[in-house]
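Given next are the chains, with one letter for each unit.
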Amino acid sequence: MSHGPRSGLAAVSSALLAMSRHLEVRDVLKTIVASARELLDAQYAALGVPDDHGGFAQFVVDGVSEEQWKAIGPLPRQHGILAAMLHEARSERLADVRKDPRFEGWPKAHPDLVDFLGLPIRDGDEVIGALFLANKLRPVEGHPPHSPGPEPEGSCGFTQDDEELLGILAQHAAIALTNARLYERSRELTIAEERSRLAHELHDAVSQKLFSLRLTAQAAARLVDRDPSRAKGELQQVAALAAEAADELRAAVVELRPAALDEDGLVATLRTQIQVLDRAHSARVTFSGHGVKALPASQEEALLRVAQEALHNALRHSGADHVDVTLDRRGGGAVLRVTDDGTGFDPQAVRRAGRHLGLVSMRDRASGAGGSLTVESVPGKGTTIEMEVPGG
C-alpha cells in the first residue's frame, strides 16, 4: 500500500475490530466513516444508507464540524455520483468530482471537494449503503504533514491501493451494518415481548386490587346505617386499596414508558424508576450510584433492562423485605448489582425445571452488550444478580 504506516495490518485490524464492537446502527456507521477517513488519509468521509424514496435514511459524515453540517441543510438526495454508486453498484475514483458530467453541485455551505473515491456497500446483491472519501491529504513542502496539496493535472490523489483498502473496509462494513440491524430488530421484538408481559401483569395486579376495592366499598355501604364505626373502617380500607392500585399503575407505566436514557442518563433513570417501585411495594427498594460515566447506548439499555428484570423477580417472587440496587464504576465500564433478602433459590434446580426467572434473557442482554452476568442465590438467603460491562 502506498499511503504510509496507517495502512499497515495493525491499523486495518484496529479499524475492523472497532466496527464489530458496536451494536447500534448509528455507532457502526460513525465508526466505519472515521476508520475509512483515517486509514486512507482523506480530509472528508461520508456514508449514506438509502431509503426507498430517493433519499437517505441515514447519512453520516466525518471531517465536517457540527456547525458546518447544520449549515449545509437537509440530507442529500440520491443523485449524481451518489446515485451512480447506489444504482450501478460500482466504485468511482475521480481526479476532480466537480468536472464529472454527473456532478450536480452542492449547497453553499458545503465544503469544496476535489479528488473523490467512492464504493457501494453490498450485502450479497443488495446495495445497502455508499461509502466515499474526498480530498486526499498529502505532504506538501512548506505545509504540515497530511495537508491538502496539489495533484498533477488529471490524476486522482486516491490510488488503486486506496481503492482496494476501501473495498476491504466496505466488505466488513456490510457485515457490521447487517449485524447491527439484526440486533436492533431483535431488541424491538424483545421490547414487544416485555410490554406484553407487563400488560398481563398489570391486568392481574390491578384487577385484584379493584376487585378487593369493590367488595370493601359494598361492605361499607351496607354498614353505613347500622354500624357507622365499622363502615368508617371499611372506607379507610377503600382508601388504602385505591392508593395501592394507583401505585401499581404508576410503577407499570414507568416500566412501559421508554426510558429517557439519552436525556437523563442511566443513573438518573434508574434512580427515578426505583423511587417509584419503592413507593409502590411494601418492600424497601434502595439505589446508589457512584462514579459511572456515560456508556455506549447498547450497554446502558442492557443494564437498565437487566435491572428491571431483576427487580421484577425480587419484588414479585422472592418475598423480600429489602432490595438494594447499586451501579458503580469499574475500570472504563460499570457493574450493576441487585441484591434482595428474599427466599432465594437453587440456580441449578431452576435451570433443570426450566423456570428461568428471566435469567436466560438477562444473560443474553449482558453478552449482547459485550458484558457478563453472574447469579448468586441460596434457598432462604436471598439473591444477588451482578452484571458488568466494559464501557466504550
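Residues numbered from 1 in each chain as written. Predicted model: local features only at pLDDT ≥ 70, side-chain atom pairs only at ≥ 80, totals over all residues. Heavy atoms only, no water.

Asker: Please set out the environment of Lys30 residue by residue, giving values where relevant.
Answerer: Here Lys30 lies in helix α2 (residues 25-39). Spatially, the C-alpha atoms of Lys30 and Val60 are 6.3 Å apart, while their sequence positions differ by 30 residues. (Helix = DSSP H or I, 4+ residues; strand = E, 2+ residues; numbered from the N terminus.)

Asker: Lay out helix α10 (residues 359-368) in plain terms, naming residues and giving numbers.
Answerer: Of all the residues in α10, the buried ones are Leu359, Met362, Arg365 and Ala366. The buried side chains of α10 occupy one side of the element, clustering within an arc of 125° when seen end-on. Immediately beyond the C-terminal end of α10, within one or two residues, lies Gly370, with a positive phi of roughly 80°. (Buried < 20%, exposed > 50% of the residue type's maximum accessible area, 1.4 Å probe, protein only. Arc of directions from axis to C-beta.)

Asker: An account of the confidence of the model for the protein is needed here, citing residue identities and associated values.
Answerer: Looking at the protein as a whole, its pLDDT mean stands at 80, while 77% of the residues score no less than 70. For the protein, per-element mean pLDDT is lowest for helix α9 (residues 347-353), which scores 64, and highest for strand β8 (residues 333-340), which scores 96. Segment residues 1-7 is flagged for pLDDT under 50; beyond a separation of four residues in sequence, or across chains, it makes 20 contacts in the model. Across residues 140-147, where pLDDT falls below 50, the model places 12 contacts with residues more than four positions away in sequence or in other chains. (pLDDT = per-residue confidence, 0-100. Contact = heavy atoms within 4.5 Å.)

Asker: Lay out the sheet that holds strand β1 (residues 42-50) in plain terms, naming residues and giving numbers.
Answerer: If you walk across this open sheet you meet the five strands as β2-β1-β5-β4-β3, and the pairing is antiparallel. Because the sheet does not close on itself, it has two edges, and the strands there are β2 (56-62) and β3 (92-94). Mean inter-strand twist for the sheet, computed between neighbouring axes without regard to direction, equals 15°. Taken together, the six bridges between β1 and strand β5 (residues 126-136) define a ladder with antiparallel strand orientation. Within β5, the residue paired with Gly48 across the bridge is Ala130. (Pairing = 2+ DSSP bridges. Axes fitted to C-alpha atoms, helices over the stretch in contact; angles between N-to-C directions.)

Asker: Just give me the short version of the pairing of strand β9 (residues 372-377), but keep the residues and values in it.
Answerer: Regular strands place side chains that alternate from one sheet face to the opposite one. Side-chain alternation along β9 places Leu373, Val375 and Ser377 on a buried face and Ser372, Thr374 and Glu376 on a face that remains uncovered. Sheet analysis places β9 next to strand β10 (residues 383-389), joined by six bridges and oriented antiparallel. Along β10, the bridge assignment pairs Val375 with Ile385. From the end of β9 to the start of β10, which pair antiparallel, there are five residues, and Gly380 there has a positive phi angle of about 85°.

Asker: Which residues make up the sheet that holds β8, and what values do they have?
Answerer: Pairing is mixed in the open sheet, where five strands are placed in the order β6-β7-β8-β10-β9. In the strand order of this sheet, the two ends are held by β6 (284-290) and β9, each with one partner. The mean inter-strand angle of the sheet, taken between neighbouring strand axes irrespective of direction, is 10°. The pairing of β6 with strand β7 (residues 322-330) spans seven bridges and is classified as parallel. Each residue of the ladder has a partner; that of Arg284, found in β7, is His322. The strands that helix α8 (residues 297-317) touches are β6, β7, β8, β9 and β10; relative to β8, the one it contacts most, it runs at about 5°. Lying over the sheet, α10 contacts β9 and β10, oriented at roughly 150° with respect to β9.

Asker: Summarise the pairing of β7; cite the residues concerned and give the values.
Answerer: Running through α8, the crossover from β6 to the neighbouring parallel element β7 is left-handed. The pairing of β7 with β8 spans eight bridges and is classified as antiparallel. Bridge pairing in β8 places Asp328 opposite Val335. From the end of β7 to the start of β8, which pair antiparallel, there are two residues, and Gly331 there has a positive phi angle of about 65°. (Right-handed = clockwise from strand over helix to strand, strands pointing away.)

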